[in-house]
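# Overview (structure and organization)
Below are the chains, spelled out letter by letter.
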Amino acid sequence: MMAPGDRDAVPAAGGPGRHVPVLLSEVLDWLDPQPGEVVVDGTFGAGGYARAILARGARVVGIDRDPDAIAGGQDLIDKANGDLILVPGQFAALDAHVKASGFEGADGVVLDLGVSSMQLDEADRGFSFMRDGPLDMRMEQAGPSAADVVNELPVKDLIRVIGLLGEEKRATTVAHAIDRARQEKPFSRTLELANLIEKVLGRSPKKAQIHPATRTFQALRIYVNGELHQAAEALGAAERILKPGGRLVLVSFHSLEDRIVKRFFQDRTKTRGGGSRHMPEAEVPPATFELLTRKAVEAASDETESNPRARSAKLRAGRRTGAPARVLDIHAAGVPRLADFHGLGG
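Treat the numbers as computed from the prediction; the structure is a model and nothing was measured.

## Considerations on the overall build of the protein
- When helices and strands are tallied, the protein shows 14 helices and eight strands.
- Long-range pairs, those at least 24 residues apart, make up 68% of the contacts in the protein with a sequence separation of at least 6.
- Accessible surface computed for the protein: about 16,100 Å², of which carbon and sulfur atoms make up 50%.

Printed below as a string of structure tokens:
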């Protein structure tokens, strides 16, 4: 375990200025890690949450699909004296990862959904339209890239991806502009795509600070990495692995993620099945969670001022009951059906 003196000295993960864990104090409050407990950090990243959980005396199973995050966590493993197990893989299978690490259950699960600021800051990873780099966006650095999707996905499917996952109102305009451009020359760089979208959509005087490519890049990133599928499946995995009384804490950064989390908790905490005077009340399975946060918890003003990433963050938490885990329908939970592309979508 970490020395007691380390408990209050939790630096920004990955070194100064690299990554500041969002809503850290609130995550710890709702997760409430205790000495000797097993807590899953399903989005290890630079180790910000894991470091703070270890400082509370708990053991951590950290999971990340990004090889760079796994490599960067080796120093923390050395300092944790056996209390940190770092697993390369997807958090959608976090229950399997926990069991493979030698634990039958977990006392807590925390997930920081979305892309890491470290990934955004690395131009070579191709996530950002603010820095020129290869049009990549793959968290696992394997499989189809954003360039593959942009250059090969049929235009009707591209419209659906950009419209649903990016919530881009002018998805049809963007997709057709991409289709015309890719017939002349395939896209390979982030700024090639960003500049095209800016040219087609222009800049709104009312939203001058928001780049026109923001929503399209979000859509491509989510699609390439199956982020909504991963998030929904991780909720089911957490339900299966948490012990009675175990806490599930989720931090999301856009409405698509938060909607899935909210629907999951609404379904899993339901105790009555509605009904009316014309129809009997429907039977519902026993609630698998007790809701801890009646509404989403947001960052305080001092955090949003010092860490812009916190401005859109929303935290929701629940406590596991003793009821059996259920089968999860990810589409009923809010994951849209999209065209299959070499294993993406579905």
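## What about the side chain of T288?
- Within the fold, T288 resides in the loop between α13 (255–268) and β6 (289–291).
- Judged by its relative accessible area of 0%, T288 is buried.
- Residue contacts for T288: discarding those within four places in its chain leaves E239, R268, R319, R320, T321, A323, P324, A325 and R326.

## Focus on helix α1 (residues 24–31)
- Every buried residue of α1 is accounted for by L24, E26, V27, L28 and L31.
- Once α1 ends, the next one or two residues include D32, with phi positive near 50 degrees.

## Some details on the pattern of salt bridges
- Taken as a whole, this structure holds 18 salt bridges when the rule is applied.
- When the shortest N-O distance is used, the salt bridge between D112 and R309 registers 3.4 Å. Taken together, the positions of D112 in strand β4 (residues 106–112) and R309 in the loop between α14 (301–306) and β8 (314–320) put the pair 197 residues apart, joining distant regions of the chain.
- Between R138 and D136 there is a salt bridge whose closest N-O contact spans 2.7 Å.
- Overall, D136 belongs to the buried group, its relative accessible area being 16%.
- Shared partners join several salt bridges into a network, and the residues in it are E239, D267, R268 and R326.

## A look at unusual backbone geometry
- With a phi close to 55 degrees, L23 is a non-glycine residue in the positive phi region.
- Within the element layout of this structure, L23 appears in the segment before α1.
- With a relative accessible area of 0%, L23 lands in the buried category.
- Its identity is not glycine, yet E167 carries a phi of approximately 50 degrees, on the positive side.
- Inspection of the secondary structure puts E167 in the loop between α8 (155–165) and α9 (171–184).
- Look at E167 and you get partly exposed, because its relative accessible area is 30%.

## Some thoughts on the packing of aromatic side chains
- Inspection of the entire model under this criterion finds three aromatic pairs.
- Taking the centre distance of 5.7 Å and the plane angle of 65 degrees together, the rings of F264 and F289 count as edge-to-face. With F264 in helix α13 and F289 in strand β6, this pair connects stretches of sequence that are 25 residues apart. By the burial criterion, F264 is buried, and F289 matches it.
- Each member of the aromatic cluster is reached from another via a ring pair, and the members are F264, F265 and F289.
- Across from the ring centre of F253, 4.1 Å away, lies the NZ or CZ of R309, which sits over that ring.
- Over the ring of F289 we find R320; its NZ or CZ atom is 5.8 Å from the centre of that ring.

Basis of the calculations
Residues numbered from 1 in each chain as written. Predicted model: local features only at pLDDT ≥ 70, side-chain atom pairs only at ≥ 80, totals over all residues. Heavy atoms only, no water. Helix = DSSP H or I, 4+ residues; strand = E, 2+ residues; numbered from the N terminus. Contact = heavy atoms within 4.5 Å. Areas by Shrake-Rupley, 256 points an atom, 1.4 Å probe, with all protein chains shown as cover. Buried < 20%, exposed > 50% of the residue type's maximum accessible area, 1.4 Å probe, protein only. Salt bridge = Lys/Arg side-chain N within 4 Å of Asp/Glu carboxyl O. Phe/Tyr/Trp six-rings, centres within 6.5 Å; stacked < 30°, edge-to-face > 60°. Lys NZ or Arg CZ within 6 Å of the ring centre and 35° of its normal.

All we've got here are geometric facts, nothing functional implied.
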